[in-house]
Amino acid sequence: MNIAGQVALVTGGGSGLGRAMALGLAREGAKVLIAEVRKDEGEDALQEVLALGAAAELLVGDVSQESIAREAVKLCLDRLKGLDILINNAGLRMEEHEDGLYEPWRCVRARPTHELPIEEWDLVLHVNLRAVFLCTHFALSHMIKKRRGAIISITSNAGVRGVPGKSAYCASKHAVEGLMKVVAEEVREYGISANAIHPGGRVDVDGRGGISPGVVVPLMLFLVGQEAPTFTGKTIRAKDWNEEAVQRLMSAE
């Protein structure tokens with residue numbers, strides 16, 4: 001699928017991985033709708049995308065809310081005239097910060113399961129899992145009619161193992177990977193792919209160190225550029241990704 005002219009919805013597109021992927025898509029000629037809960041970061045990312053000459057829109061809101069997720073898809077269809085690519089990136093981390101500072105839109109404090117407040121469990125599952133389901137749910141109705149599309153959901157190393165203090169985060173990422181595997185089987189016949197990707201380590205979005213957010217962009221562009229969903233239902237670590245690895249995975253099926 002030629003990425004130029006395609007319409008992409010990127011949730012959490014105002015910073016970090018989302019911003020990097022929104023810019024990567026724009027450089028390839030895609031039209032981009034950024035969904036972002038923080039207005040200032042969303043507007044900054046929007047201006048960067050527009051500066052590349054791409055058509056773009058911004059929706060400020062929380063896509064874990066049904067009405068906002070539905071509106072995001074509707075805006076793609078109404079203003080950008082389609083929806084070909086869905087990037088489910090919006091998410092919350094669980095970490096322990098030495099400085100004791102936690103941005104509520106980005107991270108909650110890691111703590112053992114028996115000490116985790118129920119409202120924080122609910123918050124992480126809503127943002128990290130419910131939002132993925134809602135955006136996928138609404139996007140698929142259009143993609144199935146068009147018989148094409150690509151869905152990518154961001155996961156983590158925590159999606160394949162248990163990390164003490166991160167029960168809600170690990171549960172959400174395990175579930176996202178499972179959801180993408182199910183969706184891949186359900187919509188393969190309609191020409192739609194569904195994959196989970198993760199950077200391969202902590203991404204530096206707050207100055208505390210880690211991998212550059214741009215690490216996921218080449219892999220993301222490969223997956224959304226497939227002519228047919230031959231590579232689907234996978235979880236891929238972007239840090240280690242290269243075309244030879246992709247070919248090995250495909251030949252192993």
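For the structure, check the block above.
Residues take numbers from 1 onward in each chain, read along the sequence in its written order. Side-chain atom pairs in this predicted model are given and counted only at pLDDT of 80 or more, local residue features only at pLDDT of at least 70, and totals for whole chains, interfaces and linings cover all residues. Side-chain metrics rest on all non-hydrogen atoms present in the structure, leaving aside hydrogens and water.

Participant: Describe the pattern of salt bridges, and please don't skip the residues or the numbers.
Facilitator: Two side chains carrying opposite charge are able to pair once their charged atoms lie near each other. Note on definitions: salt bridges are taken to be side-chain nitrogens of Lys or Arg within 4 Å of carboxyl oxygens of Asp or Glu. Under the counting rule described, the total for this entry stands at nine salt bridges. Here Glu185 makes a salt bridge to Arg188, at a shortest N to O gap of 3.0 Å. Several salt bridges converge on common partners, so that one network encompasses Glu36, Arg38 and Glu41.

Participant: Please provide a residue-by-residue account of helix 3 (residues 66–79), values included.
Facilitator: Only DSSP runs of H or I covering at least 4 residues are called helices, and only runs of E covering at least 2 are called strands; the numbering of each starts at the N terminus. Here the expected span of a helix is defined as 1.5 Å times the quantity of residues minus one. For helix 3, built from 14 residues, the straight-helix expectation of 20 Å at 1.5 Å per residue is met to within 8% by its first-to-last C-alpha distance of 20 Å. For every residue, the accessible area (1.4 Å probe, protein chains only) is compared with the maximum for its type, and the residue is labelled buried under 20%, exposed over 50%, or partly exposed between those bounds. Listed in full, the buried residues belonging to helix 3 are Ile68, Ala69, Ala72, Val73, Leu75 and Cys76. Buried residues of helix 3 fall within an arc of 155° about the axis and therefore sit on the same side. Contacts are assigned to residue pairs with any non-hydrogen atoms lying within 4.5 Å of each other. Elements in contact with the buried residues of helix 3: strand 1 (7–11), strand 2 (31–36), strand 3 (56–60) and helix 4 (118–146). The arc under discussion is defined with respect to the helix axis, by the directions toward the C-beta atoms.

Participant: Tell me about the state of the cysteines, residues and numbers included.
Facilitator: Cysteine sulfur atoms that pair up within 2.5 Å are treated as a disulfide. Evaluated as defined, the whole model comprises zero disulfides. Counting only cysteine sulfurs, Cys135 is the nearest neighbor of Cys76, a cysteine outside any disulfide, at a range of 9.4 Å. Classification of Cys76 by relative accessible area gives buried; the value is 0%. Residue classification places Cys135 among the buried positions, given a relative accessible area of 0%.

Participant: Account for the sheet that holds strand 9 (residues 235–237), with residues named and values stated.
Facilitator: Hydrogen bonds along the backbone pair up the strands of a sheet, which may run parallel or antiparallel. If you walk across this open sheet you meet the seven strands as 3-2-1-4-7-8-9, and the pairing is parallel. Every other strand in the sheet has two partners, leaving strand 3 and strand 9 as the edge strands with one partner each. For this sheet, the mean inter-axis angle between neighbouring strands, taken without regard to orientation, is 20°. Interaxial angle, 0 to 180 degrees, is taken between N-to-C directions of lines fitted to C-alpha atoms, where a helix line uses only the stretch in contact. Across the face of the sheet, helix 2 (residues 39–51) comes into contact with strand 2 and strand 3 while running at roughly 175° to strand 3. Sheet strands touched by helix 5 (residues 167–187): strand 7 (149–154), strand 8 (192–198) and strand 9. Its angle to strand 8, the strand with the most contacts, is close to 160°. Strand pairing is assigned whenever DSSP identifies at least 2 bridges connecting the two strands.

Participant: So what's going on with the layout of surface pockets? Residues and values would help.
Facilitator: Buriedness for pockets is judged along seven lines, at least five of which must meet protein on both sides within 12 Å for an open set on the 1 Å grid over protein atoms alone, while cavities are sets there where a 1.4 Å probe fits but cannot get out, and lining residues have an atom within 4 Å of a point. Grid points are joined across faces, edges and corners, and a volume is the space filled by probe spheres set on the points. Roughly 940 Å³ of internal volume is contained in the largest pocket. Looking at the largest pocket, it is lined by 47 residues, and the ones nearest its centre are Asn89, Gly91, Leu92, Arg93 and Arg106. Taken together, the elements giving at least two residues each to the lining of the largest pocket come down to helix 1 (16–27), strand 2, strand 5 (93–95), helix 4 and helix 5. Among the elements that line the lining of the largest pocket, the one with the most residues is helix 4, at six residues. Its residues assigned to classes, the lining of the largest pocket comprises 19 nonpolar, 17 polar and eleven charged. Polar here means any residue outside two lists: the nonpolar Ala, Val, Leu, Ile, Met, Phe, Trp, Tyr, Cys and Pro, and the charged Asp, Glu, Lys and Arg; Gly therefore counts as polar.

Participant: Help me get a handle on the packing of helix 3 against helix 4, residues and values and all.
Facilitator: As a packed pair, helix 3 and helix 4 sit with axes 9 Å apart at the nearest point and diverge in direction by 35°. Seen along the crossing, helix 3 lies across helix 4 with a hand that is right-handed. Contacts between helix 3 and helix 4 involve Glu66, Ala69, Arg70, Val73 and Leu77 on the former and, on the latter, Arg130, Leu134, Cys135, Phe138, Ala139 and His142. When its residues are assigned to classes, the contact of helix 3 with helix 4 shows seven nonpolar, one polar and three charged. Throughout, a crossing is termed right-handed when the near helix is turned clockwise from the far one, and left-handed when it is turned anticlockwise from it by less than a right angle.

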